[in-house]
Every structure is written in C-alpha cells, then in structure tokens.
Amino acid sequence: SCSEISCQVSLYLYRTSYPHLPSTNHVNAKLYGALLIVTKFEAHKCSTERNLATALIPQDPVLLSKPILQNFRTIKFRVIHSSTVFAIATRQNTDTMPERRPFVRLPTDVYPVNYGLCLKPDLIDFTFEGKLEAIVEVNLATNQIVMNCADIDIITASFVPEGGEEINATGFNYQNEDEKVTLSFPSALQKGSGTLKIDFVGELNDKMKGFYRSKYATPAGEIRYAAVTQFEATDARRAFPCWDEPAIKATFDISLIVPKDRVALSNMNVIDRKPHPEDDSLLEVKFATTPIMSTYLVAFVIGEYDFVEGQSSDGVTVRVYTPTGKAEQGKFALEVAVKTLPFYNDYFNVPYPLPKIDLIAIADFAAGAMENWGLVTYRETALLIDPKNSCSSSRQWVALVVGHELAHQWFGNLVTMEWWTHLWLNEGFASWIEYLCVDHCFPDYDIWTQFVSADYTRALDLDALDNSHPIEVNVGHPSEVDEIFDAISYSKGASVIRMLHNYIGDEDFRKGMHSYLLKFQHKNAATEDLWDCLEQASGKPIALVMSSWTKQMGFPIIVVDQEQQGDDRILKISQKKFCASGPHNGEDCPNWMVPISICTGEDPGCTKLKVLLDSPETTITINSVSPDQWVKINPGTVGFYRIQYSSAMLESLLPGIRDLTLLPVDRLGLQNDLFSLSRAGMISTVEVLKLMEAFVNEPNYTVWSDLSCNLGVLSSLLSHTDFHEEIQEFIRDLFTPIGLKLGWECKQGEGHLDALLRGLVLGKLGKAGHKPTLEEARRRFKDHVEGKQILSADLRSPVYLTVLKHGDSATLDTMLKLHKQADMQEEKNRIERVLGAISAPDLIQKVLTFALSEDVRPQDTVSVIGGVAGSSKHGRKAAWKFVKDNWEELHNRYQGGFLISRLIKLSVDGFAIDKMAAEVKSFFESHHAPAAERTVQQCCENILLNAAWLKRDADDIHQYLLKRKAPPV
C-alpha cells in the first residue's frame, strides 16, 4: 500500500538523518511501527487500532526528531523470505478506563509443558532480549493464545504444531490493564502438542520487581548493576510472556547470555557454559531442567559475587553468595542453612528435591527475602552477618528468615497454593515453622516467647479492626494480591497454625503434613486439602474448627468468671467478637470453634484441662482446686483470642507477675490483653499502668520488649497532650532498676537474650531522657567516633538513638558521616532507622530530604520516613507533609508493592485527631494507591480509635501520673 511505501521511505530518511542512533532489530521494529501509525496504515480499521494512534503518539509536531521512539510500545514486523508480513499490535488506552473490568483468569485451551527460555540482559543500557520456545498442549482448537505479558515488546511469534508447518502470528493484542497479550493466528491451532516461539525485548527496570537492575559498588567504589528477579506474586510476566498463575506449572530450561566476568545463577545447577558465537566477551550459560513448578518461583541473577559453600548431612550443596570481598559474612547463614535442610527433611519426611540450593544477598530488594526454588534471594541485612559488627538481633533475624525461606522449598514450592486466595497457607505456615526451626538450631533464643510478641500480638491488633480481612481472601486482579501480603496472612496465619498444632499434637500434625506433601507434591492444593490430611491423621474435626478461623475475620474475646464449690472450681466462659472499638454487641455476632486450655497455680506449666468451645457460652468444672489457687485460661498464650477475667480472677493472677510464678509468655499475654482492653475502652488505661508497675522484677527480654512496645504506643498517644513529659518519667522509673542491674558492659556467662535486653533497656532510658544514660551514651559515642573505643554492635542502636534524640546539628552531621563511611548495609540501616529521633524542625527536614537521596537505598527510604513519623508530634506532621509533597516520586517508586502500604502506615498511623482521618482519606481519594487501599482504611480507623482513646482516658492518666509522683501525705 502507499502507506507502507511511505513508511519505508520515512524510515530510510530517518536513518540517514540520524546515523548515530542504534540500529538494532528492536529499535527498527519500534521505528517502523511508529511510522506505520503516523502514516495511518489502514490495513485493519478496527477502533482499537485507531485508538492506538492517539494513545501512543506523543502530541509533539517534531515526532521524529527525538530518540524517544526507542520507548515505543508499538507494531512489530518480521521479514519472511522476501515478502513482508505485518503483525498489528494493539494496546488499550488505559487512561480512559478508570473502571476496572471483572478479573478473568487465563483460558485453559492452551497450556505450557516446558519453557525453553534464553535471556540476554544488557547491563549498560538496561534492556534485555529474550527467546522463548515453549512446548505447549492445545486442548481445544483455537486461533488465539492468551498469555500474561507486562512491559514486554513481542517482536515475532509463531506456532509449530508437532510434525507440522510453522504458523506465524498475525496480531498481538496487549491488554495492558489485565497484563495479558492475545496472539492471533490466521487459522485454528489444532488439538495436540506444538512449540510456541516468541522473540521479545524488555527493560531491566528499577522498580524491584520482574527482571530488574540492582545497583552496587565494587570494592574499588565503581557503581555497577546486577540483573536480578523478583516474580512473586505476578511479575514473571515482566521477564517473559508466560502463563503467570500458580496452578499452571511447567518445567523450565533456562539459558542466560552474560558477560564472561559475571556470575550467572538460576534455580538449577549449570550444565553447560560456552562462549557466545557472535561475541567472545559473552558466555552462554545453560542450566539443568527444573522440576515442574510455578512461574513465580523462577529466578535468575547476573552480577559479581563471592560465595561460601557447605554440604548438608543429606548431601545437598549449599552456597551463600555475598557481595565481592564479603564471603566471610555468609558463614552464619550457611551454618543455619546446613542445619535447617536436614531438620525439614526429617520433619516432613520428604527429601529436598533439588541438587543444590543457593542463598544470595541482593543490594536493592523490596521484601526481606524470596523463596525461589533452589535460588533464594535476600536483602543484604537478612543474610549477611559480620562476626564483629553484627548485633544479636541481626543474627536472630537472619536465622528466622533463612528458616522461613527454606521451609517454602517444601511448603509452597513442592506443593503450591492453587490460587492467591490460599497465599496464607504458604506464608502462615512458613512464618510458624521458621520458629520451630530456630528453636531447634538455637534453643537459647527462647524464640517461642518472642513469637508471641513479634507475630501473635501484632496479628491480634490488626485483626481487631473493622477494616481487617479474613485469612482467606478472594483475590482476582494482580493489584489485589499485593494487599494480602500483610500481618493477617503471615502473623495471624502463623498464630492459628500454632494453635492448630497445639490442638492436634506434634505427632499427628507431622503425620498429616507428610501425607499432604506426598499427595500434592509437584501439584497445587487449597486450604481444605491440608485440613483433610490433618483430619485423617488426628481424627479431630479440623475443617470445622479451622474454617471458623480462616473464613471469617476477627477473633473472640473470652469472658471468664468463677465460683468455688467445695474442692471444685466452676468456670463460666463465654465468647463474643472482639473489636478494637469495644466488644461486638450486634445481633449477628459470629462464633468460633475455640480450643481452650486451662492451668492452675499448682503447676503453671502444665495444662490441667482442654475443651473445645463451640457455642457462645459454657460452664466448666475443674476438680480438686483449692480456694487459694489461681486458675488461668490459655497457658502458653497459644489460643488466638483475648481474655477478660472477672476482677477477682485477675487479682489472684497479679502476684504471679511479681513473684514470676507465671511463665514469661503468660506474664506477657496478661499485660498485652489488658493493654488491648484499655485501648478498646473496656477498662481504664490507669489499670494497665498499675499493672505495668508490677513488672519491676521482670528478668525476661521478651516480656520487657512487649511492655516497651505498648509504652511506646502510649507515649506516642500522649505526645498529643501537654503532659508528655510525665509519661517519660513513668518510663524512666519503670526501666531504671533493670537498667542498673544490667549496666553497660556485657558480663561473663551472659547470652543472646541478655544482649537484646541491654540494648532495649538502654535505648528506652536514653530516649526517655534518663540523665545518667544520656551522659554515658554521649561519652561512648564520642569515643566511638574518635576511634578510641568502638561501640559493640549491640550498643550502637541505643547509643545512636539517645545522642540523636537529645542532639543538635553537629550530632546529625556526625551520624550522616558515619552512614557514608559504613561499609555494611546493617550499619547503614541501623543509622537510617534512628535518624528521625532528632528534635529540631530544620534537622527533621534535613533527615526527610536525606531519605530520598542517592545515599539511601530505595527499599530503605520507607524506614527513614517512618522513623521521623514515629519519633515526635512534630516529626509526625513533617513526615506526612513530606509524603504528600513527594507523593508522585514515592508512588512511582513503590506502586504495586507492599512498601507503599508500609510507607502509608508508618507515616499516618500515629495521629490522634478526628480531622486527620478525614484528611488522610481525602488525600488518597485523589491520589490512588490500589495496592494500599485497605491499609489507608485501617490507618483512618486507627486515627479515630486513637482520638477516642485520648478523649476517654487522657485526664485519668494525667491525674494518675501526677498522683504517683506526689509526696506521700
């Protein structure tokens, strides 16, 4: 046609006018496509193609004078023999489509059996070329194939039926909003096997998802980039066109074409490595065929790394890859991994199915880690431990994360959830068993007590909100998946599995797990499948009990009263839904099947009775309990519920806190329940403050940690009053005795938990302005900066926090200098998290500006802003204004991931004025963040709850704090 000829002429003129521009097939294809649109190539007159012209061509008269054409998403073409075939590609103009259509999963008429995938990343221009040859099965004759595809340009596509002629695709219709592409063929593809061939190009993006670039510095200080992947939940489609749904499993044969001085890794071991025929500076690295697996677990990494290597007792090669020159820092994780693999092998009674497993530290990484099968990726701080400069909490964190990701190799990778609705099974299970694993490797960590503070109470707090969600959520569109990577899927999931394990018993639980993994290995499963296996193993009504915990949101408050009858104790127990705003008093109150355990003062560590509460209320008789003995519900704080005791029962339990006869986990649970009841307006906050004073003899780190956390919430709430200093005094009084007992120096025979406790207590005292702590922190900081006496890793956070909280611009400058000099990401993060403690408004602004600077890795900006918001009333306002002012940049950086939710939560959760809830709501109505919609609702609810709490209790708290420091009359 004339249009076609004019295109070719224009293309020739463009090339001769701009010879300096690259002339790759990729660019030629894009140029040709753009010109084709400009000259209104009318071969296909359907409206979508006409929309394309307005959607894609910039409204700029000098269209061809700019090399932006390289970024076009346009028509591709292919020359076959001497005739030119045009494939018309259409993309929907999503700007005019605010309404999201109902989500539809991929059709099942064609499915993959094996992906032959070759990728060639360009680490300078940040692009990649890809070749896909997928063996597929056509179930139903069709003239189109629908796949997932996002931010990828298909250059050519064809289908070769087994034993037949190649059929070229005549059109690619990109549905951007649904992240799909439809390949159209001139005739129907018949039932049977065939090979789908696709050549494509894409971008190594900087969004920490899909196939992306990660910035690092060489030991000499040169900035370079690695090419790495993060595909969960729905981003494999950004690296290659695929059927990107967890239930569409296939095998993968992966090849990478990489610079020969770079390390190339994938899920499987390398089976061939040869020079690239066209460029001897490149190597082609071929990996063994994977087992059948889901796309979200595929991974590849190309970069510069050192490694340490070990072998597990069952013969699996384990490597930990570290930045160049830091192999030493991989040894701790290696030690954990080598112990963990045999532990899981034994626990599940199913062998690890791959020949190797690699754990690798990635510089720019959004999550903590990702369980890609055989190639687990981590943030540097979740994998690297420096024997001299890493603190105890970092070791513990690395042990937990390694335990979590290796559990997924079985639970998630070998058996995968059928759809994202069952994500909680993956994450809840791994979040529970990571503690089991760490308890096995490091019994001195007392890790199960820490679970209650870190996961259990966190989940209860979130799940008490009206804007929580059930563990099992129906998920459709990809943007909805990101929303459920939250404390409900992870922490509530882990907590109900812990409760279930306790209800079934370890032996039957393991038996059920074994049969589940065997039955569904290399397949997909739903929540009900696990319940079936556990039910068969235990003979208990698992599905009935557990559906009340996974299919409805929230949890009950168990209300308990008692009376003595002779030698017996009669307990009256009832349940109703617990809400953060108070108990649910509506008509349609949900019920739970609640496993309830009971212990007595005679033997606090031993359960005297177990019952299943399956009705709104019941009466229980406990035999042989003398009147002077206390009775406690939920020993071990295992059941996922809050408890409200009658005042007489509560009174009888309080001495067990002072004399430590209650177990640490139960002392913690009692305090946490009462704190939560006070926030819900069911008891006065003054009652909780009185209870907190009973913890003066407390020796346990985790109990103090939870107390500290709740006092932090209260301190933040009271920063909205004019008696904030009084709560600081209360904190100083409470923490001074344990601070004096611990001192600054580590003593002989102390262990992991003593180090954690010292850091916690000194930080709390320093922040609250305890003068002796502040003076000593300043002295030690000065010696540290001058190199006279380097601070031990465990003391750095509390000292940095203390000197900054009471510091000036010189302190901040010194801290920023330490940040710049730090060679270890852990130390940089340690500093980033406390910078917000600085008090002066101009310095707060300086910290916020620093958060978005090149000196802070993209994933860490959030914790700098969060540190400012959490430190003071002024910091909160400044951080929120900063987020609003820089919203475009922040949203562009984190959209579609969980970091955007975390940013919003950290920035606004601490407000306590009704009008702020309205302001936050209004801002996000005009600045959409689809992956954080629920987070915004939860934050607004929290702000209103804070405001109500303050109105209700502020005066009483003030009076109590004044009275307790008044001299006795």
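By convention here, each chain's residues receive numbers from 1 onward along its written sequence. Given that the model is predicted, a residue must reach a pLDDT of at least 70 before its local features are reported, and side-chain atom pairs must reach 80 or more before they are shown or counted; all residues, however, enter totals for whole chains, interfaces and linings. In computing side-chain values, all of the structure's heavy atoms are included and hydrogens and water are not.

1. Observations concerning the overall build of the protein chain
Filter applied, for reference: Helix and strand assignments come from DSSP, with helices taken as H or I runs of at least 4 residues and strands as E runs of at least 2, each series counted from the N terminus. For the exposure calls, accessible area comes from a 1.4 Å probe over protein chains only, and a residue counts as buried if that area is under 20% of its type's maximum, exposed if over 50%, partly exposed in between. Working rule for contacts: check all heavy atoms of both residues, and any pair within 4.5 Å makes them a contact. In short, Shrake-Rupley with a 1.4 Å probe defines the accessible areas, and a residue's cover is counted only from the protein chains shown.
Looking only at helices and strands, the protein chain features 30 helices and 32 strands. The 969 residues of the protein chain split such that 59% are buried. Nonlocal contacts in the protein chain, meaning residues at least 24 apart in sequence, comprise 71% of its contacts between residues at least 6 apart. As displayed, the protein chain offers around 38000 Å² of accessible surface, 52% of which is attributable to carbon and sulfur atoms.

2. Here's the deal with helix α5 (residues 392-408)
Here is the rule we go by: In a helix, the anticipated span is given by 1.5 Å times the number of residues less one.
Counted at 1.5 Å a residue, the expected span for α5 with its 17 residues is 24 Å, and the 25 Å between its end C-alpha atoms agrees. With 14 of 17 residues buried, α5 is to be regarded as a mostly interior element.

3. Regarding the pattern of salt bridges
Put simply, the test is: Here, a salt bridge means any side-chain nitrogen of Lys or Arg that lies within 4 Å of a carboxyl oxygen of Asp or Glu.
Within this structure, the stated rule accounts for 56 salt bridges. Between D508 and K511 there is a salt bridge; the shortest N-O distance is 3.5 Å. With D508 and K511 both in helix α10 (residues 506-520) and three residues apart, the pair spans about one turn of that helix. Accessibility expressed as a relative area gives 46% for K511, which makes it partly exposed. E827 is paired through a salt bridge with R796; the nearest N and O atoms lie 3.3 Å apart. Residue E827 is found in helix α23 (residues 825-834), and its partner R796 is found in helix α21 (residues 793-805); the two are separated by 31 residues along the sequence. Given a relative accessible area of 9%, E827 falls into the buried group. Given a relative accessible area of 5%, R796 falls into the buried group. Salt bridges here are not isolated pairs; linked through shared partners, they connect D151, E179, D235, R237, R238 and D244.

4. Some remarks on the packing of helix α16 (residues 685-693) against helix α30 (residues 933-965)
Worth spelling out the cut-off: Between N-to-C directions, angles span 0 to 180 degrees; the directions come from axes that are lines fitted to C-alpha atoms, helices contributing only their stretch in contact. Angular relationships are summarised with four words: roughly parallel below 35 degrees, roughly antiparallel beyond 145, roughly perpendicular across 65 to 115, and oblique for the angles in between.
Close contact between α16 and α30 brings their axes to 8 Å; oriented N to C, the two are set at 40°. Comparing the axis directions of α16 and α30 gives the class oblique. Here α16 contributes T685, V686, L689, K690 and E693 to the contact with α30, which in turn contributes W949, D953, D956, I957, Y960 and R964.

5. Notes on the sheet that holds strand β21 (residues 369-370)
Two strands in a sheet stick together by hydrogen bonds in their backbones, pointing the same way (parallel) or opposite ways (antiparallel). Formally: If DSSP finds at least two bridges between two strands, the strands pair.
In spatial order, the strands read β18-β19-β20-β22-β21; together these five strands make up an open sheet with mixed pairing. Each of the sheet's edge strands pairs with one partner strand only, and the pair in question is β18 (305-311) and β21. Pairing analysis gives five bridges linking strand β19 (residues 317-323) to strand β20 (residues 356-362), with the strands arranged parallel. Looking at the pairing, V318 lines up with I357 of β20.

6. A short note on the packing of aromatic side chains
Rules: Only the six-membered ring of Trp is used, alongside the rings of Phe and Tyr, when aromatic pairs are assigned; centres must lie within 6.5 Å, and planes under 30 degrees apart are stacked while those over 60 apart are edge-to-face, with the rest tilted.
Applying the stated criterion to the full structure yields 46 aromatic pairs. Between F307 and Y321, the ring centres sit 5.2 Å apart and the planes meet at 45°, which makes this aromatic pair tilted. Residue F307 is found in strand β18, and its partner Y321 is found in strand β19; the two are separated by 14 residues along the sequence. F307 gets classed as partly exposed once you look at its relative accessible area, which sits at 35%.

7. Some points on the sheet that holds strand β4 (residues 127-138)
Pairing is mixed across the open sheet formed by eight strands, whose spatial order is β7-β6-β10-β4-β3-β13-β16-β15. Taken across any chain shown, the strands that pair with only one partner, and hence form the sheet edges, are β7 (167-168) and β15 (270-276). The sheet contact formed by β4 and strand β10 (residues 192-203) spans twelve bridges and is antiparallel. From the neighbouring strand, V138 faces β10, where its bridge partner is G192.

8. Focus on the pairing of strand β25 (residues 556-565)
Consecutive residues of a regular strand have side chains that alternate between opposite faces of the sheet. Two strands pair when backbone bridges link them, and β25 and strand β26 (residues 568-579) are joined in this way by ten bridges, in the antiparallel orientation. Each bridged residue has a counterpart across the sheet, and for Q564 the counterpart in β26 is R569. Taking the residues that link successive antiparallel strands as the turn, the β25-β26 hairpin has two residues, and the phi of G566 there is positive, at about 65°. Alignment of β25 against strand β32 (residues 642-645), held across four bridges, turns out to be parallel. Bridging across to β32, I557 finds its partner in R642.

9. Examining the packing of helix α9 (residues 488-504) against α10
Counted only if it meets this: The residue classification treats Ala, Val, Leu, Ile, Met, Phe, Trp, Tyr, Cys and Pro as nonpolar and Asp, Glu, Lys and Arg as charged. All others, Gly included, are polar.
Where α9 meets α10, the closest approach of the two axes is 6 Å, and the angle between their N-to-C directions is 115°. Relative to α10, the element α9 is oriented roughly perpendicular. Residue-level contacts link I497, L500, H501 and I504 of α9 to D506, D508 and F509 of α10. Taken together, the residues that form the contact of α9 with α10 break down as four nonpolar, one polar and two charged.

10. Describing the side chain of S294
Stated precisely, the cut-off is as follows: Polar contacts here mean pairs of N or O atoms no more than 3.5 Å apart (in protein, one a potential hydrogen donor and the other a potential acceptor; neighbouring residues in sequence count only if both atoms are side-chain atoms).
When you line up the elements, S294 lands in the loop between β16 (279-287) and β17 (300-303). The exposure class assigned to S294 is buried, which follows from its relative accessible area of 0%. Side-chain polar atoms of S294 contact the backbone oxygen of P246, separated by 2.7 Å.

11. A few points about the environment of V475
Within the secondary structure, V475 is located in the loop between α7 (447-463) and α8 (478-483). Sequence separation of V475 and F103 is 372 residues, and the distance between their C-alpha atoms is 9.2 Å. The contact partners of V475, leaving out residues within four places of it in the chain, are W419, W420, T421, E480, V481 and I484.

12. Side note on helix α11 (residues 527-538)
The criterion, for reference: The directions considered for the arc run from the helix axis to the C-beta atoms.
With twelve residues, α11 should cover 16 Å at 1.5 Å per step; its first-to-last C-alpha distance of 17 Å lies within 8% of that length. When we look at burial in α11, the residues that qualify are T527, L530, W531, C533, L534, A537 and S538. Taken down its axis, α11 places every buried residue within 165° of arc, on the same side. At its buried positions, α11 is contacted by α6 (423-441), α9, α10 and α12 (542-550). Backbone geometry just downstream of α11 places G539 in the positive-phi region, at approximately 70°.

13. A short note on the side chain of E245
Position of E245 among the secondary structure elements: in the loop between β12 (223-230) and β13 (251-259). Within polar-contact distance, the side chain of E245 engages the backbone nitrogen of L106 at 2.8 Å. Those residues in contact with E245 that lie beyond four places of it in its chain are R105, L106, N148, T295 and W419.

14. What to know about unusual backbone geometry
The omega angle of the peptide bond from E232 to A233 is 5°, so this bond is cis rather than trans. As for its position among the elements, A233 is in the loop between β12 and β13. Not every positive phi belongs to a glycine, and S624 is a case in point at roughly 55°. Relative to the helices and strands, S624 resides in the loop between β30 (617-622) and β31 (631-633).

15. Examining the environment of S708
Tracing the backbone shows S708 in helix α17 (residues 701-718). On the basis of relative accessibility, which here comes to 8%, the residue S708 falls in the buried class. With 27 residues separating them along the chain, S708 and F735 place their C-alpha atoms 9.2 Å apart. Not counting the four nearest positions on each side in its chain, S708 is found in contact with F735, L760 and K764.

16. Description of a nonpolar patch on the surface
How we decide: Put simply, a patch holds well-exposed residues, over 30% relative accessible area, that have no salt bridge, with like charges counted together within 9 Å and Val, Leu, Ile, Met, Phe, Trp or Tyr side chains within 5 Å.
Residues Y111, V113 and I135 make up a contiguous nonpolar surface patch of about 230 Å² in total accessible area. For V113, the position within the fold is in strand β3 (residues 110-122). Note on V113: relative accessible area 38%, which makes it partly exposed.

17. Notes on the nonpolar core
Quick note on the threshold: What we call a nonpolar core is a set of buried Ala, Val, Leu, Ile, Met, Phe, Trp, Tyr and Cys residues that are connected through their side-chain atoms within 4.5 Å.
Ranked by size, the top nonpolar core spans 307 residues in total, and within it F240, F300 and Y516 carry the most contacts. It is α6 that contributes the most residues to this core, twelve residues altogether.

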